[in-house]
Amino acid sequence: MTASPDELEREHTLSTATTRYDELRMREALASMAGQAPGASGTPLSRDEALEMLALSEVVIRKAGYGRQAMVRAACGAGASWTQIGSALGSSKQAAWEAHTRWIEEQGRQHERTGYEGLGPDDVASARDLAGEPDS
């Protein structure tokens, strides 16, 4: 049985999840090409491997998202404006700020649910203060 993204997320760092995903994706691509070329060979992914690749794609997205918000916090802490942060993310300042504040709130809820993951009440308050409001 294939592991869920939650299980794989605990097992992998962003780097190891990406490496495994790339291995499976390359095998899938080679098998697809082999099916089209006379005499070529390639081993298609099993159902479990295809599902693992799908779950790993979710893990990579999640872990990249965590890193993204950490970098937004670092930019805020370094004095970047929301206009600058939005520009760096390819979005508006409002969209960047809203995404970050939603992330802060979710981190607080996660801490309430688990008691240890996410951001505790003091950290949420600190993150909110750091985020402030989108600049004019």
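Computed from a predicted structure; not experimentally measured. (Residues numbered from 1 in each chain as written. Predicted model: local features only at pLDDT ≥ 70, side-chain atom pairs only at ≥ 80, totals over all residues. Heavy atoms only, no water.)

**What about the overall build of the protein?**
Quick note on the threshold: Runs of E in the DSSP output that reach at least two residues are strands. Runs of H or I that reach at least four are helices, and both are numbered from the N terminus. The globule rule used for comparison is 2.2 Å times the number of residues to the exponent 0.38, while the radius of gyration itself is calculated over C-alpha atoms. Burial classes follow relative accessibility: with a 1.4 Å probe on protein chains only, a residue under 20% of its type's maximum area counts as buried, one over 50% as exposed, and anything between as partly exposed. Every residue pair with non-hydrogen atoms within 4.5 Å of one another is taken to be in contact. Each accessible area value is a Shrake-Rupley result obtained with a 1.4 Å probe; residue values ignore everything except the protein chains displayed when judging cover.
Along the protein, the regular secondary structure elements total six helices and zero strands. Order of helices (α) and strands (β) in the protein, N terminus to C terminus: α-α-α-α-α-α. By the compact-globule yardstick of 14 Å for 136 residues, the protein is too spread out, its C-alpha radius of gyration being 20 Å. Dimensions of the protein, computed from C-alpha atoms along their principal axes, come out at roughly 65 × 35 × 20 Å. Burial status across the protein gives 26% buried among its 136 residues. Summarising the internal contacts of the protein: among those between residues at least 6 apart in sequence, 58% fall at separations of at least 24. For the protein, the exposed surface amounts to about 8700 Å²; the carbon and sulfur share of it is 54%.

**Quick notes on the environment of Glu 105**
By the element assignment, Glu 105 lies in helix α5 (residues 93–114). Here Glu 105 falls in the partly exposed class, since its relative accessible area comes to 29%. Sequence-wise, Glu 105 and Leu 119 are 14 residues apart; in three dimensions their C-alpha atoms are separated by 8.8 Å.

**Re the confidence of the model for the protein**
To keep things clear, this is the line we draw: Values of pLDDT, the confidence the predictor places in each residue, fall between 0 and 100.
For the protein, the average pLDDT comes to 89, and 92% of its residues sit at 70 or higher. Averaged pLDDT values over the elements of the protein bottom out at 88 in helix α2 (residues 14–36) and peak at 96 in helix α4 (residues 82–89).

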